[in-house]
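Letter by letter, the chains look like this.
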Amino acid sequence: MNIKDIFKGLSQFFLVNVIVLSLFGSLAYGQKTDAEKFTVYNPKSWIEPFNAIPINKRLNTLEGKTIVVMVDPAYKHDRQVMVEIRDELIKKYPKSNIQWIEETKPLRRLKVSKIDGLVVGAGT
Amino acid sequence: MEHQTGTVCKFEKLGVPSVAVYAKNHVKDQHKSLCIMNFVPEARAVFLAEGKTGKDVVEDVVAALTRPRSKEEIFAGLYEPPKEPRIALENATYDEVQTFYEGDSKRFETIDPRSDMTDGLPVVPPTEEKILEFLKHTIHDRHKIVGRMPPLGNTFDVEKVAINGIMAGCKPEYFPILLAMAEGLCHQANNQGYHTTTAFGWMGVVSGPIAKKVGMSYQRNILNPGNPANASIGRAMNLMKLNLGGWVRGVRMIANAGNPANYTCTIAEDVEGLKWPSLAEEHGLAKGENGITIFHGMKYMDLMYSYFKNPSVYPGDWGKLRPELQNNPEQWIVDGFKACSHPAEFGVLLDKKTANQYYEEGISKEDLRLKLWNMAAVTNEWGVRNIPWYHHGIGGLMARAAGYEDWKEAPKDAIFHLPPDPKDISFIVTSNYTYLFKLTHICTVSIDKWGTGPKADAFSKAHLAAQSLDADDKGKKIVINALADSQLVLAEPDKNFGQNERMLSDLGKSRAIIKFDLSQIPVNAEIKSVGLQLGAHLVPKYGWYAGNITIGVFRLKNDWSENEVSWNFRHKGKTWDNPGGDFESKPSAIYEITPPTFGEVAAGAWICEFRDKQMKADVSDWIQNPSQNSGWLLKVVKKEKKTQIADFDAKEINDRADMFRPRLIINYTLSK
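Residues numbered from 1 in each chain as written. Chains lettered and ligands numbered in written order. Predicted model: local features only at pLDDT ≥ 70, side-chain atom pairs only at ≥ 80, totals over all residues.

Right, let's get into the overall build of chain B. Helix and strand content of chain B: 20 helices and 28 strands. By residue count, 48% of the 672 residues in chain B fall in the buried class. Within chain B, residue pairs in contact and separated by at least 24 positions form 78% of the contacts whose partners lie at least 6 positions apart. (Helix = DSSP H or I, 4+ residues; strand = E, 2+ residues; numbered from the N terminus. Buried ≥ 20, exposed ≤ 12 C-beta atoms within 10 Å, placed from the backbone. Contact = placed C-beta atoms within 7 Å.)

In this section: the overall build of chain A. Within chain A one finds 2 helices and 5 strands. Starting at the N terminus and walking to the C terminus, you meet the elements of chain A as α-β-β-β-α-β-β. When contacts within chain A are restricted to residue pairs at least 6 apart in sequence, long-range pairs at least 24 apart make up 76% of them.

Residue and element names in this part refer to chain B. Of all the 7 residues making up strand E7 (residues 201–207), 7 are buried; the element is thus mostly covered by neighbouring parts of the structure. Side chains Gly201, Met203, Val205 and Ser207 project from E7 onto one buried face, and the interleaved Trp202, Gly204 and Val206 project onto a second face that is buried too. Where E7 meets strand E8 (residues 266–268), 3 bridges bridge the pair, whose relative direction is parallel. The residue bridging Val205 from the neighbouring strand is Ile267, located in E8. (Pairing = 2+ DSSP bridges.)

In terms of nonpolar packing, the biggest core is built from 103 residues, with B:Val161, B:Ile177, B:Leu178, B:Leu179, B:Ala182, B:Ile292 and B:Met298 touching the most fellow members. Those residues in contact with B:Leu179 that sit more than four places away from it in its chain are B:Thr138, B:Val146, B:Val158, B:Val161 and B:Trp450. Within the second largest apolar cluster, 46 residues are counted, among which are A:Val119, A:Val120, B:Val16 and B:Val58. (Core = buried A, V, L, I, M, F, W, Y, C linked by C-beta atoms within 7 Å.)

The next thing to look at is the sheet that holds strand E5 (residues 117–121) of chain A. The sheet built from 5 strands is open, its strands ordered E4(A)-E3(A)-E5(A)-E1(B)-E2(B) with parallel pairing. Every interior strand has two partners, whereas the edge strands, strand E4 (97–102) of chain A together with strand E2 (44–47) of chain B, have only one. When strand polarity is set aside, the average angle formed by the axes of neighbouring strands in this sheet is 20 degrees. For strand E3 (residues 66–71) of chain A and E5(A), the ladder comprises 4 bridges, and the chain directions are parallel. Looking at the pairing, A:Ile67 lines up with A:Gly117 of E5(A). Each of E5 of chain A together with strand E1 (18–22) and E2 of chain B touches helix H3 (residues 54–66) of chain B; the most contacted strand, E2(B), lies at about 175 degrees to it. (Axes fitted to C-alpha atoms, helices over the stretch in contact; angles between N-to-C directions.)

So, on to the packing of helix H14 (residues 330–339) of chain B against helix H16 (residues 365–375) of chain B. Residues and elements named next belong to chain B. For the pair H14 and H16, interaxial distance at closest approach is 9 Å and the crossing angle is 60 degrees. In this view, H14 runs oblique relative to H16, as classed from their interaxial angle. Both H14 and H16 take part in a crossing whose hand is right-handed. Only Lys371, Leu372 and Met375 of H16 make contact with H14, whose side of the interface consists of Glu330, Gln331, Ile333 and Val334. Residue composition of the contact of H14 with H16, by class: 4 nonpolar, 1 polar and 2 charged. (Parallel < 35°, antiparallel > 145°, perpendicular 65-115°, else oblique. Left-handed = near helix turned anticlockwise from the far one by under 90°. Nonpolar A, V, L, I, M, F, W, Y, C, P; charged D, E, K, R; others polar.)

On to the environment of B:Met503. Residues and elements named next belong to chain B. Topologically, Met503 is positioned in strand E17 (residues 502–503). On the neighbour-count criterion, Met503 (28 C-beta atoms within 10 Å) is buried. Distance in space between the C-alpha atoms of Met503 and Met203 is 35 Å, their sequence separation being 300 residues. Setting aside residues up to four positions removed in sequence, Met503 forms contacts with Asp485, Ser486, Gln487, Ala512, Phe648 and Ala650.

So, about the packing of helix H6 (residues 158–168) of chain B against helix H7 (residues 175–185) of chain B. Residues and elements named next belong to chain B. For the pair H6 and H7, interaxial distance at closest approach is 10 Å and the crossing angle is 115 degrees. Comparing their axes, H7 and H6 come out roughly perpendicular. The way H6 lies across H7 gives a crossing that is right-handed. In this structure, H6 contributes Val158, Val161, Ala162 and Gly165 to the contact, and H7 contributes Phe175, Leu178, Leu179 and Ala182. Residue composition of the contact of H6 with H7, grouped by class: 7 nonpolar, 1 polar and no charged.

With that out of the way, let us pick up unusual backbone geometry. All names here are of chain B. One non-glycine residue, Asn91, lies in positive phi territory at about 50 degrees. Structurally, the position occupied by Asn91 is in strand E4 (residues 87–92). We classify Asn91 as exposed; it has 9 C-beta atoms within 10 Å. Here Asn221, not a glycine, exhibits a phi torsion of approximately 60 degrees, which is positive.

Here we come to the interface of chain A and chain B. The partner chain B presents 82 residues to the 51 residues of chain A that form the contact. Those elements that place two or more of their residues in the side of chain A that touches chain B are strand E1 (38–41), strand E2 (50–51), helix H2 (76–92) and E5 of chain A. Tallying contributions element by element places H2(A) first for the side of chain A that touches chain B, with 9 residues. By the bridge criterion, 2 bridges tie E2(A) to strand E3 (residues 78–79) of chain B in an arrangement that is antiparallel.

All right, on to H16(B) then. Residue and element names in this part refer to chain B. When H16 is considered as a whole, its buried residues turn out to be Leu368, Arg369, Leu372 and Trp373. Taken around the axis of H16, the buried residues stretch over an arc of 135 degrees, which confines them to a single face. Facing away from the buried surface of H16 by more than 90 degrees, the exposed residues are Glu366, Asp367 and Asn374. Contact partners of the buried residues in H16: H14, helix H15 (352–360), strand E12 (415–417) and strand E13 (425–429). (Arc of directions from axis to C-beta.)

Here we take up the environment of B:Pro17. Counting through the fold element by element, B:Pro17 comes out in the loop between helix H1 (2–13) and E1. A residue is classified by how many C-beta atoms lie within 10 Å of it, and B:Pro17, with 24 of them, is buried. Apart from residues no more than four positions distant in its own chain, B:Pro17 is found in contact with A:Asn56, A:Arg58, A:Leu59, A:Gly117 and B:Leu65.

Moving on: the confidence of the model for chain B. All names here are of chain B. For chain B, the average pLDDT comes to 84, and 83% of its residues sit at 70 or higher. Across chain B, H6 holds the top mean pLDDT of 98, while strand E24 (residues 601–602) sits lowest at 30. Counting contacts from residues 596–604, a segment whose pLDDT is below 50, to residues more than four positions away or on other chains yields 23 contacts. Among the prediction metrics, the complex's ipTM stands at 0.72, with pTM recorded as 0.71. (pLDDT = per-residue confidence, 0-100.)

Turning to the pairing of E3(A), a few remarks are in order. The two faces of a sheet get side chains in turn, since along a regular strand they alternate between them. Residues and elements named next belong to chain A. Counted residue by residue, E3 has 5 buried out of 6 residues, so it is predominantly covered. Taken together, the 6 bridges between E3 and E4 define a ladder with parallel strand orientation. Bridging from a neighbouring strand, Val69 pairs with Trp100 of E4.

Along the chain, the position of B:Asn496 falls in the loop between strand E16 (484–489) and E17. With 66 residues separating them in the primary sequence, B:Asn496 and B:Glu562 have C-alpha atoms 8.1 Å apart.

See the structure below:
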């Protein structure tokens, strides 16, 4: 065996080892050559169809109308927003009757037949 | 938010143009879902962007009240809500799956990040292969409807339960437990136990041999992490509440700080060798039957009570106890009752050794319950001084249980009990210790009926039998809405309630009457079955949960008109022969409402169905002799102590789907 063959043998040995170790190393660290693919399902429930109720015909104008602005006092930030809306409505529509209600259950106090429109602070 | 959005929908139904104003802009989806829940899907709203004021949106508010309606907004008919695709994601990597279920958690400007479909932790990808593995553990079809889960009341089937269970990391053999758990979660009436800022959580308790079979923990460390079954089943409960019920963090999950039990809290009872009946047996399941009990509350304290129940075992520690506890160790539990801020209902976790010791001493669960309840007697004055929520409900509950209208009406020395009723104490035999929980019992459901054994077979057959009304080969099915309904009220004997949305609202003092136009059924029809379906609400006398109530259906003998009938009069100027209605003494049907039962629960109400041979005979007779069709009268014939009020939706109810309005389902064939 001459020196050339020795070098050739060593280089082949290192090349094979590099390949084997690279493959082994990547497997040892959990690296997959092809990532597993999944087809997955939706976990959410669904809403059954129902008979929809349309919203009411809108007003031509708020001028001269009775508009109730209501807010649940438990929501302080909402209350401030609704106060600002109420004040602006009063400014814009001086001939309107802008009523203010702070109550969780307005149905107890409101007479529907006397209201033209309702603005509700929705408590978030 | 739910109440206010509901108010907007309510006023739209009452004819008033309305608009909701949301001071935050992250709730557009929730607004839509709430409007759908209220059957006004296009109710208008204005949303404030971050940093905007009321002044900035006033033009939007004006426009919402004045802008002409769109085509969608005037639509009145069958609304089919958008349905998400069954397959969520195809051919995706593990990371893509996680990203999908998490969603864009930072999409909201005003709340902290939250995951869309998970509890914030990674989930196991729910693939078809895994679903099929789960389905091997039940005989029920993957598309069988399990129920409707609050708070949204949406519908789900067997497959959806499997998907959530897989995501939570459950093994296939847990599947019957998950299905029973899902059914149990449907028993919670809308909003009860969901919408609160207090720190409540949920607990599932599995009773029966299945717990050991699937490897659940029921001895030491039951509330600590580490057991795969306890951890993943409990996690599945919370994923189901999120994905099936819509209990969304920051929207419907509104606690100030919350409760760690809402990540996972399911335990098992230690039933092998237990001499007392298990929790499931106590709630009506057969001896040895597997069951799951759902509780909510989950505020707890550990008591070393059972440690000291037998002092000879721990002589070194015995002397450390307060002397009064040495003589009466149950006092420790009662002290726990007294330390609770809202002492309405309790769960006591006892170890099996202590439970069996009671049994050997001749003390049953009922005896111990009564003993603790008696020991927990306090005066009205004590309650005022010591119970933080006394003025906010709890005083009223305790007073009403003791026979007073309210605590304010009772003398200072009136005796109340901290859990108002002995039944408000549940015993859970597990662990090696004693814990006291603030726990409210929701329901107990059979696990076996969701598995593969004979119980599941019987359940499946009963379900199919109920559906047989739809079978074409068995005859023609017809659904008839009520022609007229009203209630007769003793306290207002001359008042007509024909346009009321509810009926039968006060037990013993009110009666509901209802009739149907049967003219569309041919006279040669042979009636095969008759079912009277009513949307029911039971309001408890105290506490949050109603008991059973038995309603009788009686055939009316004289005609009446909807807008004139009252307790005294059946027509204007024409009285009943007997005030309160002329009806047959023998009922045509008797129905015990157990709120609620499988498949009947919906948001805030459930449907009960009255059936009996005599009802079939009534209908047959009325088809032949229409002039004798005066309908039926419904009245309460028996009730449990807790049930105070039973309401049925009348045909005038305007915030519920048709299925809640009174209807008669008749199956018939035509004779040759």
